[in-house]
Amino acid sequence: MLDDPGLYGPRWPLPLRVRPVLGESTGSFVNRLAHANGLSLAAFLDRVGQGEASAYAERVEKYPQSTEMYVNEAGLRYLAVLADRAAGLLQQDLPSLGAEHLLPGQEAAQWWWRWEPVAGHLVRYCPPCADAQGVGQTVWLMSPDSWQVCLQHGYWSDDSRGRGPDFVQLAELPETVTAQRVRQQLAEQWGPAGEELFADAFQVAVYWWTRMPDTARWVRRAWTAGLDAREMRAAPLVIYPEAAELARAMVDFEYAGQRDTAARTRWLESVEQLMSGWGVDAAEGRQALLVWLVRHRTEPPELGSPAGRPRLALARGHDRIASRTGSVSQRSCLTWQLGMAAADM
């Protein structure tokens, strides 16, 4: 018999347990927990506290794929009882239950489905990964970026809810798989600097794509993935390999430590050669590179080298803008409008 939460909240867990997936959205988890126990999502929400939801049950059932659920501290306690899992463990697995995302109010348990997630994107979890964990329903992750790559199974997933495939299998796009590995290698070797330089490179590649979406290699990749070449959804997938190669070149520039005009000119010419090999118009695309060079023309602060990994300090112009956490765009120093005129090198 399912327990009525009553005035003081639920006293017993639901009969069937559901394990959260690391990084899962709260909405995705409670949806799976409800359905595993024969409850509609709307019926389950009544047990987690007070909140407003659509009067139409079919709309409520679509919430987990379009928005995220947030609770206050009392709502977290209710959810922990129902899930038979310590509140702290739930917070470890479900990012939106973190202390910084809890709703205000200390007394009555409350929940809220925001119009958009506070931080991140709802991205589908890799199906083979879900199958391996015995998960029968669709799982939605809270991802800093609007896409994720599963290297183990070669799947690309994103936050798209429109036409086209729910997932892209990367067997015919091996260069994208390689690019994801390069991104991981940069992060492992150089830590936050490697991640931020990839973010910078990615933002430059986005600039290129917005001006040259008909670049032949990008069109071919989009078609291979079953996507329209000019669809915004295709952009991260098709530019990934060039972004990874550009990130390597940016690491080389920073590691060399030579920032005078001659060094910047040599680097720019070498990248323009890469662009020509990719079929990207160097004259059209160099503006973004000039902006990046301006951000990285100043000397970095002096930093020691921790044992076990070389330290790569980025220019002060980068650090003043880029965030240490968040999405690719937030971690880049190129988050402003790249179409604006850059200063002279």
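Just so you know, the residues in each chain are numbered from 1, in the order the chain's sequence is written. Local features in a predicted model are, by the rule used here, given only for residues with pLDDT of at least 70; side-chain atom pairs are given and counted only at 80 or more, and totals for whole chains, interfaces and linings are based on all residues. Note: side-chain values were computed over all heavy atoms of the structure, leaving out hydrogens and water.

Observations regarding the confidence of the model for the protein
Selection criterion: On a range of 0 to 100, pLDDT expresses the predictor's confidence in each residue. In this analysis, two residues are considered to be in contact whenever any of their non-hydrogen atoms come within 4.5 Å of each other.
On average, residues of the protein carry a pLDDT of 89, and 91% of them reach 70 or more. Per-residue pLDDT stays below 50 along residues 1-6; that stretch engages in 13 contacts with residues further than four places along the chain or on separate chains. Below pLDDT 50 for its whole length, residues 336-345 participates in 25 contacts with residues either more than four positions away or in separate chains.

Describing the pattern of salt bridges
Pairs may arise between side chains of opposite charge once their charged atoms sit close together. This is how it is decided: A carboxyl oxygen of Asp or Glu within 4 Å of a side-chain nitrogen of Lys or Arg is what we treat as a salt bridge. Per the convention used, a helix needs a DSSP run of H or I reaching at least four residues, while a strand needs a run of E reaching at least two, with both numbered from the N terminus. Summary of the burial criterion: residues with accessible area below 20% of their type's maximum are buried, those above 50% are exposed, and those between are partly exposed, where the area comes from a 1.4 Å probe applied to protein chains only.
Tallied over the entire structure, the rule returns 16 salt bridges. Glu196 is the partner of Arg331 in a salt bridge, and the nearest nitrogen-oxygen pair spans 3.9 Å. With a gap of 135 residues between them, Arg331 in the segment after helix H13 (316-319) and Glu196 in helix H8 (residues 192-211) connect regions that are remote in the sequence. The exposure class assigned to Glu196 is buried, which follows from its relative accessible area of 1%. The shortest N-O distance in the salt bridge between Glu254 and Arg259 comes to 2.6 Å.

Some thoughts on the nonpolar core
Let me state the cut-off plainly: Here the nonpolar core consists of buried residues drawn from Ala, Val, Leu, Ile, Met, Phe, Trp, Tyr and Cys, with membership extended through side-chain atoms lying within 4.5 Å.
Judged by nonpolar contacts, the single largest core of 61 residues is most densely connected at Trp208, Leu246, Trp267, Leu289 and Trp292. Elements with a contribution of two residues or more to this core: strand E5 (147-150), helix H7 (174-190), H8, helix H9 (216-224), helix H10 (234-256), helix H11 (261-278) and helix H12 (282-295). Here this core gets 14 residues from one element, more than from any other, and that element is H10. What Trp208 contacts, discounting residues up to four positions off in sequence, is Trp218, Leu246, Met275, Trp278, Val280, Gly285 and Leu289. Leu33, Val48, Leu82 and Leu94 belong to the second largest nonpolar core, which has 25 residues in total.

Quick notes on the packing of aromatic side chains
Put simply, the rule reads: Aromatic pairing here means that ring centres of Phe, Tyr or Trp (its six-membered ring) are within 6.5 Å. Orientation follows from the plane angle: under 30 degrees is stacked, over 60 is edge-to-face, and everything else is tilted.
Under the defined criterion, the tally for this structure stands at 14 aromatic pairs. A ring pair is formed by Tyr155 and Phe167, whose centres lie 5.8 Å apart and whose planes are at 75°; its orientation type is edge-to-face. Residue Tyr155 is found in strand E6 (residues 155-158), and its partner Phe167 is found in strand E7 (residues 167-169); the two are separated by twelve residues along the sequence. Grouped by ring-pair contacts, the aromatic residues Trp147, Trp156, Phe198, Phe202 and Tyr240 constitute a single cluster.

Looking at the pairing of E6
Note the cut-off: Between any two strands, at least two bridges found by DSSP are needed for them to pair.
Neither face of E6 is exposed, since Tyr155 and Ser157 on one face and Trp156 and Asp158 on the opposite face are all buried. Here E5 hands over to E6 after four residues, with Gly154 in that stretch at a positive phi of 65°. As defined by bridge partners, E6 adjoins E7 across three bridges and the pair is classed as antiparallel. Across the sheet, the residue bridging to Ser157 is Phe167, located in E7.

Concerning unusual backbone geometry
Positive phi, normally seen in glycine, also occurs at Asp84, with a value near 55°. Mapped onto the secondary structure, Asp84 falls in the loop between helix H4 (73-83) and helix H5 (87-93). Classification of Asp84 by relative accessible area gives partly exposed; the value is 45%.

Some words on the environment of Tyr78
Here Tyr78 shows up in helix H4. Along the backbone, Tyr78 and Gln148 are 70 residues apart, and their C-alpha atoms lie at a distance of 31 Å.

Examining the sheet that holds E7
Heads up, the condition is: Lines fitted to C-alpha atoms define the axes here, with helix axes fitted over just the stretch in contact, and angles between the N-to-C directions of these axes take values from 0 to 180 degrees.
Judged by pairing direction, the sheet is antiparallel, and its three strands sit side by side in the order E5-E6-E7 without closing on themselves. The strands lining the two open edges of the sheet, one partner per strand, are E5 and E7. Across the sheet, the axes of successive neighbouring strands diverge by a mean angle of 20°, strand direction being ignored. Both E5 and E6 contribute to a ladder of four bridges, which runs antiparallel. Along E6, the bridge assignment pairs Trp147 with Asp158. On the sheet, H10 packs against E5, E6 and E7 and is oriented at approximately 135° with respect to E6.

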